[in-house]
Amino acid sequence: MIRRVVKFGGSLFDVPGLQQLWQSWLQRQEPAANIVIAGGGTLVDSIRTWQCANGLDDAFCHWLSIDAMSLSAQWLHHLLVDAQWTRNIDDLKSCELGTLVFDVADWIRTVNDLPDSWDVTSDSISACLAQSLSAHELVLLKSSLPQSPNANIIEWASAGFVDRHFPAAAAGLPRIRIVNLRSLNREMELVAS
């Protein structure tokens, strides 16, 4: 059985017909256990704005953003009507074919090797989960593809396309794909560095 971790970027949450775009993409994929993580979207953008305005510390804002991802996960589960939802990491290990939306908030608090800063976003969290589950692939669903398709993971992190911790979090993953879900015919595999 193939295990695929899919990071559903928060920048996609305002796309009309998002459920249909997801189903169209999913139908073109090899059958797998699809473990979906929701990005933070505008909820996390608001936390960044609040931090800039009020000088809150990075660690506090990092964990507040993780909690915001829980709300995103609930919303995404409601949108993806055929998906199941869980907070329990053990449910992921026994997941068979289908889609399971995973609320990362409880699990990520047990992971000790991620920085409590803006260097870590849902990109690195999804890579960390893919590592933990020995997933066959990690797919980042985003609103665009990188400007430099021939660049490697480190260059994409430097340009802000993925977060700064992503090269370390994703090291050794067997396959990483980036998909522009707004334009279904656009996707690429990451170059390992």
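Please refer to the structure higher up on the page.
Only a predicted model underlies this, so the values are computations on that prediction, with no experimental measurement involved.

Asker: Looking at this structure, how should I read the overall build of the protein?
Answerer: Helix and strand counts for the protein come out as 8 helices and 7 strands. Computed over C-alpha atoms, the radius of gyration of the protein comes to 16 Å, within 12% of the 16 Å expected from 2.2 N^0.38 for 193 residues, which places it in the range of a compact globule. Principal axes of the C-alpha set define a box for the protein whose edges measure 45 × 35 × 35 Å. Among the 193 residues that make up the protein, the fraction classed as buried is 52%. Sequence separation of 24 or more characterises 72% of the internal contacts of the protein that already satisfy a separation of 6 or more.

Asker: I would appreciate a short explanation of the nonpolar core in the present structure.
Answerer: Within soluble globular proteins, side chains that are nonpolar tend to cluster in buried spots. Judged by nonpolar contacts, the single largest core of 41 residues is most densely connected at Trp-107, Ile-125, Leu-129, Leu-138 and Phe-166. With 6 residues, helix α6 (residues 122-133) is the largest single contributor of residues to this core. With 21 residues, the next largest nonpolar core counts Ala-73, Leu-76, Ala-83 and Leu-141 among its residues.

Asker: Could you clarify how one ought to interpret helix α1 (residues 18-27) in this entry?
Answerer: For an α-helix, the turn length of 3.6 residues means that residues three or four places apart are oriented alike. Looking at α1, one finds that the buried residues are Leu-18, Trp-22, Trp-25 and Leu-26. One side of α1 carries all its buried residues, which in axial view fall inside an arc of 100°. Across from the buried face of α1, at angles greater than 90 degrees, the exposed residues are Gln-20 and Gln-27.

Asker: Sorry if this is basic, but what is going on with the layout of surface pockets here?
Answerer: Where empty space is left becomes clear once a probe the size of a water molecule has been rolled over the atoms. Size it by volume and the largest pocket reaches roughly 710 Å³. Lining the largest pocket are 32 residues, and of these Lys-7, Asp-45, Arg-48, Thr-121 and Ser-122 lie nearest its centre. At the level of secondary structure, the elements contributing two or more residues to the lining of the largest pocket comprise α2 (41-54), α3 (58-79) and α6. When the residues that make up the lining of the largest pocket are grouped by side-chain class, the tally is 10 nonpolar, 14 polar and 8 charged.

Analysis parameters
Residues numbered from 1 in each chain as written. Predicted model: local features only at pLDDT ≥ 70, side-chain atom pairs only at ≥ 80, totals over all residues. Heavy atoms only, no water. Helix = DSSP H or I, 4+ residues; strand = E, 2+ residues; numbered from the N terminus. Rg over C-alpha atoms; globule rule 2.2 N^0.38 Å. Buried < 20%, exposed > 50% of the residue type's maximum accessible area, 1.4 Å probe, protein only. Contact = heavy atoms within 4.5 Å. Core = buried A, V, L, I, M, F, W, Y, C linked by side-chain atoms within 4.5 Å. Arc of directions from axis to C-beta. 1 Å grid on protein atoms, 1.4 Å probe; cavity = no way out; pocket = protein on both sides within 12 Å on 5 of 7 lines; lining within 4 Å. Points joined across faces, edges and corners; volume = space filled by probe spheres on them. Nonpolar A, V, L, I, M, F, W, Y, C, P; charged D, E, K, R; others polar.

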